[in-house]
Amino acid sequence: MSNRAEVRDFLTSRRAKITPEQAGLPVAGQRRVPGLRRSEVAALAGMSVEYYAKLERGSLAGVSAGVLEAIARVLRLDDAERAHLLRLAQEANGSNALVRPSRRPKPRTVRPSLQWALDAITSPAIVANGRSDLLAANFLGRAMLADVFADPNPNFARFTFLDSAARRFYPDWDRFADMTVGNLRTAAGIDPHDKALHDLVGELSTRSDDFRRRWGAHNVRIHGTGVKHFHHHVVGDLTLAYETMNLQADPDLALTIYAAEPDSPTAHALVLLASWAATTDQNLAPTADR
């Protein structure tokens, strides 16, 4: 998708989510559009309707930080959406609407020293990139994500939308599906010329109505910490806190560590998971050893 089209669809979708009541505007008569009108956004942001309409049509090149901040304030953008809008503006300024050649695919392996660091972590730990490729894990991480690793080129998005096991592994599948697409949207904003990401989005859009509908919503997110629920096919339900951090030496990669509350049912289940993994075949060996 071109930068102009991405800007247009993103701003239009954000405007549709804000009701007049939320914006402090009186509601009178029949409204033909969901959310705010362009004229209402323009008035609240302190600009002319013509100028805002030009921006919403995708013309962000040369727009000042103050204007972007005014739009973000009126549309009530969260941190992830605000960062996405700024990246779209930067792309508009840098690309001049020209299509740059796509980059060569990024490698699917990690540095040996990074794998050693993963293996030193006692809780499940993984490394993934922005397009949801699962690149590496420690022993317990591979055991926990055995369903995802069933694919020789594991990818969380492909697993979520194309593998029937995902509906069992993610008890709250809709939440995971929303998060997965939000992560991909964010990655597309960071690196809009990633051909492998374009190919993945094209594949999922063709094969999954659930993905295509979510992708069209233009939601983005920043993932850093929280709690996730899983249902492992051997040890059952797992409730795990997670911390995700970008790697300074590899800015395209993120490390996620999962942890159970001490002495909780999940903590005991992880002990059982480790025991089970130790007795299964070599497919659960760390990536660097395969």
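Please refer to the structure higher up on the page.
The structure displayed is predicted, hence computed values, not measured ones. (Residues numbered from 1 in each chain as written. Predicted model: local features only at pLDDT ≥ 70, side-chain atom pairs only at ≥ 80, totals over all residues. Heavy atoms only, no water.)

**A look at the pattern of salt bridges**
Close approach of charged atoms lets side chains of opposite charge pair. Tallying each qualifying case throughout the model produces 20 salt bridges. Put simply, Glu-40 and Arg-37 hold a salt bridge, and the shortest N to O gap is 3.3 Å. Judged by its relative accessible area of 31%, Arg-37 falls in the partly exposed class. (Salt bridge = Lys/Arg side-chain N within 4 Å of Asp/Glu carboxyl O. Buried < 20%, exposed > 50% of the residue type's maximum accessible area, 1.4 Å probe, protein only.)

**A closer look at the packing of aromatic side chains**
Counted by the stated rule, this structure contains 11 aromatic pairs. Geometrically, the ring pair formed by Phe-161 and Phe-211 is edge-to-face, given 5.3 Å between the ring centres and 80° between the ring planes. Here the residue Phe-161 occupies a position in helix α9 (residues 156–162), and Phe-211 occupies one in helix α13 (residues 209–215), the gap between them amounting to 50 residues. Ring centres 5.7 Å apart and planes at 55° place the aromatic pair Phe-176 and Phe-230 in the tilted group. Highlighted residues: Phe-176 in helix α11 (residues 173–190) and Phe-230 in strand β3 (residues 225–232), separated in sequence by 54 residues. A single burial state applies to Phe-176 and to Phe-230, both of which are buried. Members of the aromatic cluster, joined through ring pairs, are Phe-159, Phe-169, Tyr-170, Phe-176, Phe-230 and Tyr-258. Above the ring of Trp-173, the side-chain terminus of Arg-167 is found at 3.5 Å from the ring centroid. Above the face of the Phe-176 ring, Arg-175 is positioned so that its terminal group lies 6.0 Å from the ring centre. (Phe/Tyr/Trp six-rings, centres within 6.5 Å; stacked < 30°, edge-to-face > 60°. Helix = DSSP H or I, 4+ residues; strand = E, 2+ residues; numbered from the N terminus. Lys NZ or Arg CZ within 6 Å of the ring centre and 35° of its normal.)

**Considering unusual backbone geometry**
One non-glycine residue, Ser-132, lies in positive phi territory at about 75°. Looking at the secondary structure, you find Ser-132 in the loop between β1 (125–129) and β2 (134–137). One non-glycine residue, His-218, lies in positive phi territory at about 60°. If you trace the backbone, His-218 turns up in the loop between α13 and β3.

**Some words on the sheet that holds strand β4 (residues 236–246)**
On the basis of which strands lie adjacent, the open sheet formed by 5 strands has the order β2-β1-β5-β4-β3 and antiparallel pairing. Each edge of the sheet is formed by a strand with only one pairing partner; in this case those strands are β2 and β3. Shown here is a sheet whose adjacent strand axes are inclined to one another by a mean of 30°, direction ignored. Summarising the sheet, β3 and β4 pair through 8 bridges and their orientation is antiparallel. Of the residues in β4, the one forming a bridge with Thr-225 is Glu-243. Where helix α7 (residues 112–119) meets the sheet, its contacts fall on β1, β2 and β5 (253–259), and the angle it forms with β2 comes to roughly 55°. Contacts between helix α14 (residues 265–278) and the sheet are confined to β3 and β4, with β4 contributing the most and set at about 90° to the helix. (Pairing = 2+ DSSP bridges. Axes fitted to C-alpha atoms, helices over the stretch in contact; angles between N-to-C directions. Contact = heavy atoms within 4.5 Å.)

Keep in mind that these numbers describe shape and distance, not what the molecule does.
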